[in-house]
Amino acid sequence: MRVNAYAAPAAGEPLAPTTIERREVGPNDVLIQITHAGICHSDIHTVNGDWGPQPFPVVPGHEIVGVVTEVGSDVTRHQVGDRVGVGCMVNSCGECVNCKNGDEQYCVKGMVGTYAATDRDGTTTQGGYSTHVVVDADYVLRVPEGIDSAAAAPLLCAGITTYTPLRHWDAGPGSKVAVVGLGGLGHMAVKIAHALGAHVTVLSQSLKKQEDGLRLGADAYFATSDPTTFEQLANQFDLIINTVSAPVDLNAYLGLLAVDGTMVNVGAPPEPLSLDVFSLIGARRSFAGSMIGGIALTQEMLDFCAEKGIGAEVEVIPADKVNEAYERVLASDVRYRFVIDTSTLEDAAR
Ligand code: NAP
Ligand code: ZN
């Protein structure tokens, strides 16, 4: 079927309305009418070519919420009318050690990204800035009642990307967590870490968003532009989640970790970061990375957020405001996630 979408025609070019082909619904597929698609900074890195060449045109979008309108003959876990979500991955081998451990995102054969990736059938995947998508039922999540669809969409990437390291490194009562960067990922990290019971500190470039940060659940808020911040907070944190989309002075942040503390980079800047090993060996510190999260953990995160009444803080926009939204994300002027109302795509490509 041909459906309306918004695509980047080439690296760095503005997105524009277009139509794309979605495959026929196979026996284990689900057809979803998309209602909302979040804008992740990864969408911007991808269409700007920050991470290398891409198979243009690219329809970005891996924070998808919608309603099931058709299911394949073998599908049992989703039904027509269900509210569902799709995150950053739409396939993996299902058989390797990582898939079997529920870490499908680290599939040995390579997980299939929701857009700009080659699917198992050889076609290029296209993402959620679109009216419909066909996805293997095993990669489709249930969106629990109690979370608004627009607020739920960013959970599919920003939510799981921050939930995973918080759970993996046991953030909870008694632990001190710092979140670097209060954007899409950062604001979810604050909400989730707070809900898990940790003591949460925001490290932002300025104090402009301090009031918001405290309202979202932070216990403390510091500006990284103030050099005394790094003196005041030295050796304090058990866990630092770095969500910044640009390179940071890693060694300065590592100095904020307590003995055995871990800094986890989820931010994915195009340039390498430089690490002075003395920042680690002086206090048995660790530096780690983490990518999204497995399917079962994503469902756990959605259920946890519903139970705790957590959704993203969103600014819902029509599709023709996507390019403007990209500019604002790049200027750190996002409060705290743009979400496209994809019903505005219905007429876009006529
Ligand atoms: P975002 O909404 O733009 O948030 C990034 C925040 O970083 C900004 O709001 C800003 O916060 C801070 N920042 C931006 N530029 C900075 C600079 N030059 N120096 C210092 N701080 C800066 O982006 P996002 O959607 O949260 O994504 C963040 C990063 O995570 C991106 O690189 C994205 O590709 C990556 N990502 C990774 C995964 C994964 O699985 N690992 C998943 C999704 C996204 P303040 O204004 O508060 O300083
Ligand atoms: Zn993302």
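Residues numbered from 1 in each chain as written. Chains lettered and ligands numbered in written order. Predicted model: local features only at pLDDT ≥ 70, side-chain atom pairs only at ≥ 80, totals over all residues. Heavy atoms only, no water.

A. Quick peek at the pairing of strand 14 (residues 257-265). Counting buried residues along strand 14, 7 of its 9 residues qualify, which places the element largely inside the surrounding structure. Here strand 13 (residues 237-242) pairs with strand 14 via 5 bridges, running parallel. Paired with Ile 240 across the strands is Met 263, a residue of strand 14. Note: strand 14 against strand 15 (residues 286-289), 4 bridges, orientation parallel. Bridge pairing links Met 263 to Phe 287 in strand 15. (Buried < 20%, exposed > 50% of the residue type's maximum accessible area, 1.4 Å probe, protein only. Helix = DSSP H or I, 4+ residues; strand = E, 2+ residues; numbered from the N terminus. Pairing = 2+ DSSP bridges.)

B. Highlighting the site of ligand 1. Near ligand 1 there are 29 residues, and of these His 41, Leu 182, Ser 204, Lys 209 and Arg 337 occur at the shortest range. One nitrogen or oxygen atom from the side chain of His 41 is found 2.7 Å from an oxygen atom belonging to ligand 1. A distance of 2.6 Å is found between an oxygen atom of ligand 1 and a side-chain nitrogen or oxygen belonging to Ser 204. Surface burial for ligand 1 is 88%, taken as the share of its 920 Å² of free accessible area covered by protein chains. (Near = heavy atom within 4 Å. Polar contact = N/O pair within 3.5 Å; in protein donor to acceptor, adjacent residues only side chain to side chain. Areas by Shrake-Rupley, 256 points an atom, 1.4 Å probe, with all protein chains shown as cover.)

C. Layout of helix 11 (residues 322-330). Along helix 11, the residues classified as buried are Val 322, Ala 325, Tyr 326 and Val 329. Seen from one end, helix 11 has its buried residues packed into an arc of 105 degrees, which puts them on one side. Opposite the buried face of helix 11, by more than 90 degrees, sit the exposed residues Glu 324 and Glu 327. On its buried side, helix 11 packs onto strand 1 (2-7), helix 1 (41-47), strand 16 (314-318) and strand 17 (337-341). Immediately downstream of helix 11, the backbone of Ser 332 shows phi near 55 degrees, a positive value. (Arc of directions from axis to C-beta. Contact = heavy atoms within 4.5 Å.)

D. Up close: empty space enclosed by the protein. The tally for this structure, following the rule as stated, stands at 1 cavity of 30 Å³ or more. By volume, the largest cavity amounts to about 70 Å³. Gly 87, Cys 88, Met 89, Leu 141, Leu 156, Ile 160, Ile 292, Gly 293, Ile 295 and Thr 298 are the residues that line the largest cavity. (1 Å grid on protein atoms, 1.4 Å probe; cavity = no way out; pocket = protein on both sides within 12 Å on 5 of 7 lines; lining within 4 Å. Points joined across faces, edges and corners; volume = space filled by probe spheres on them.)

E. Summary view of the domain arrangement of the protein chain. You can read the domains of the protein chain as domain 1 (2-157 + 293-348) and domain 2 (158-289). Placing a centre on the C-alpha atoms of domain 1 and another on those of domain 2 gives a separation of 26 Å. Taken residue by residue, the interface counts 24 residues in domain 1 and 25 residues in domain 2. If you sort the residues of domain 1 by the area they bury against domain 2, Phe 304, Glu 313 and Tyr 336 come out on top, with a joint share of 28%. Run the count over domain 1 and domain 2 and you get 3 salt bridges. Put simply, Glu 300 and Arg 167 hold a salt bridge, and the shortest N to O gap is 2.8 Å. (Domains from an automatic or database assignment. Buried area = accessible area lost by both parts, 1.4 Å probe. Salt bridge = Lys/Arg side-chain N within 4 Å of Asp/Glu carboxyl O.)

F. Spatial organisation of the environment of Gln 210. Note that Gln 210 resides in helix 6 (residues 210-216). Residue class for Gln 210 comes out partly exposed when judged on its relative accessible area of 29%. The spacing of Gln 210 and Val 264 is 54 residues in sequence and 23 Å in space, taken between C-alpha atoms.

G. Quick look at the environment of Asp 238. Position of Asp 238 among the secondary structure elements: in strand 13. Between the C-alpha atom of Asp 238 and that of Gly 174, which follows or precedes it by 64 residues, the distance is 9.6 Å. Those residues in contact with Asp 238 that sit more than four places away from it in its chain are Gly 174, Ser 175, Lys 176, Leu 257, Gly 261 and Thr 262. A polar contact of 2.8 Å, which involves the side chain of Asp 238, links it to the backbone nitrogen of Lys 176.

H. Spotlight on the nonpolar core. Leu 166, Val 177 and Val 190 are the most contacted members of the largest nonpolar core, which has 66 residues in total. Among the elements that make up this core, the one with the highest residue count is helix 5 (residues 184-195) (6 residues). Built from parts of two domains, this core gets at least three residues from each of domain 1 (2-157 + 293-348) and domain 2 (158-289). Apart from residues lying up to four places away in sequence, Val 177 is in contact with Leu 166, Ala 171, Ala 193, Ala 198, His 199, Val 200, Thr 201, Phe 237, Leu 239 and Ile 241. Residues Ala 8, Leu 15, Ala 325 and Ile 340 belong to the second largest nonpolar core, which totals 26 residues. (Core = buried A, V, L, I, M, F, W, Y, C linked by side-chain atoms within 4.5 Å.)

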